[in-house]
Amino acid sequence: MKTLRFIGMALVALIVSFGLAACSDDDDEEGGTTGMAGSTWEITECPDDASFVGMTFTFNANGTVTTNPVVWNDMEWSMEGDTLSMALDDGNQYMDGTLSIDGNSATYNYTIYTSTGETYFGPAYVRLKRK
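Starting afresh in each chain, residues are numbered from 1 along the sequence in its written order. Owing to the predicted nature of the model, reporting of local features is limited to residues with pLDDT of at least 70; listing and counting of side-chain atom pairs is limited to 80 or more, with chain, interface and lining totals taken over all residues. The side-chain values count all of the structure's non-hydrogen atoms but skip hydrogen atoms and water molecules.

Caption draft 1: Geometry of the nonpolar core. The term nonpolar core refers to a set of buried residues drawn from Ala, Val, Leu, Ile, Met, Phe, Trp, Tyr and Cys, joined through side-chain atoms within 4.5 Å. Exposure classes here rest on a 1.4 Å probe applied to the protein chains alone. A residue is buried below 20% of its type maximum, exposed above 50%, and partly exposed in between. Grouped together as the largest cluster of nonpolar side chains are 24 residues, with contacts concentrated most on Phe57, Phe59, Met86, Met95, Leu99, Tyr108 and Leu128. Elements with a minimum of two residues in this core: strand E1 (39-45), strand E2 (56-59), strand E4 (75-80), strand E5 (83-88), strand E6 (93-102), strand E7 (105-114) and strand E8 (119-130). Starting at the N terminus, helices and strands are each numbered in turn, a helix being any DSSP run of H or I of at least four residues and a strand any DSSP run of E of at least two. With 4 residues, the top contributor of residues to this core is E7. Whether two residues touch is decided by their heavy atoms; if any such pair falls within 4.5 Å, the residues are in contact. Every residue in contact with Leu128, bar those within four places of it in the chain, is listed here: Trp41, Glu42, Ile43, Thr44, Leu99, Asn104, Ser105, Ala106 and Tyr108.

Next up, the structure:
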């Protein structure tokens, strides 16, 4: 009987140790967005305005964004999980949405809001590639 109890306790300990190992914190905390600072992305598809195809966004380490060609001035960016937010034209508008990165490709599902929080444009999406 003691042998069965010992085997049962060993089995429980084994199951618990596997369960704890499966819960380790090795998830990508930035939702696949690591390395955004210092990266440049080019719009490859923009269903709402084809004139944006070819435009690039450079995410600077100091939290600013540079576009080529320049469309908005004084842009700032922040990232929390897979949510990319950008303040446009010195905060008069802001863009907020989900950035899904797959290797060197990404899709940004976004909405542009006025400074008072009203929807200005969207929801919409663009497809991007890392330069």
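Caption draft 2: Main features of unusual backbone geometry. In this chain, Asn68 is followed by Pro69 through a cis amide linkage whose omega measures 0°. Looking at the secondary structure, you find Pro69 in the loop between strand E3 (64-68) and E4. Backbone torsion omega between Gly122 and Pro123 reads 5°, so that peptide bond is classified as cis. The phi torsion at Asp74 lies on the positive side, around 50°, for a residue other than glycine. Positive phi, close to 60°, is recorded for Asp90, a residue that is not glycine. On the secondary structure map, Asp90 appears in the loop between E5 and E6.

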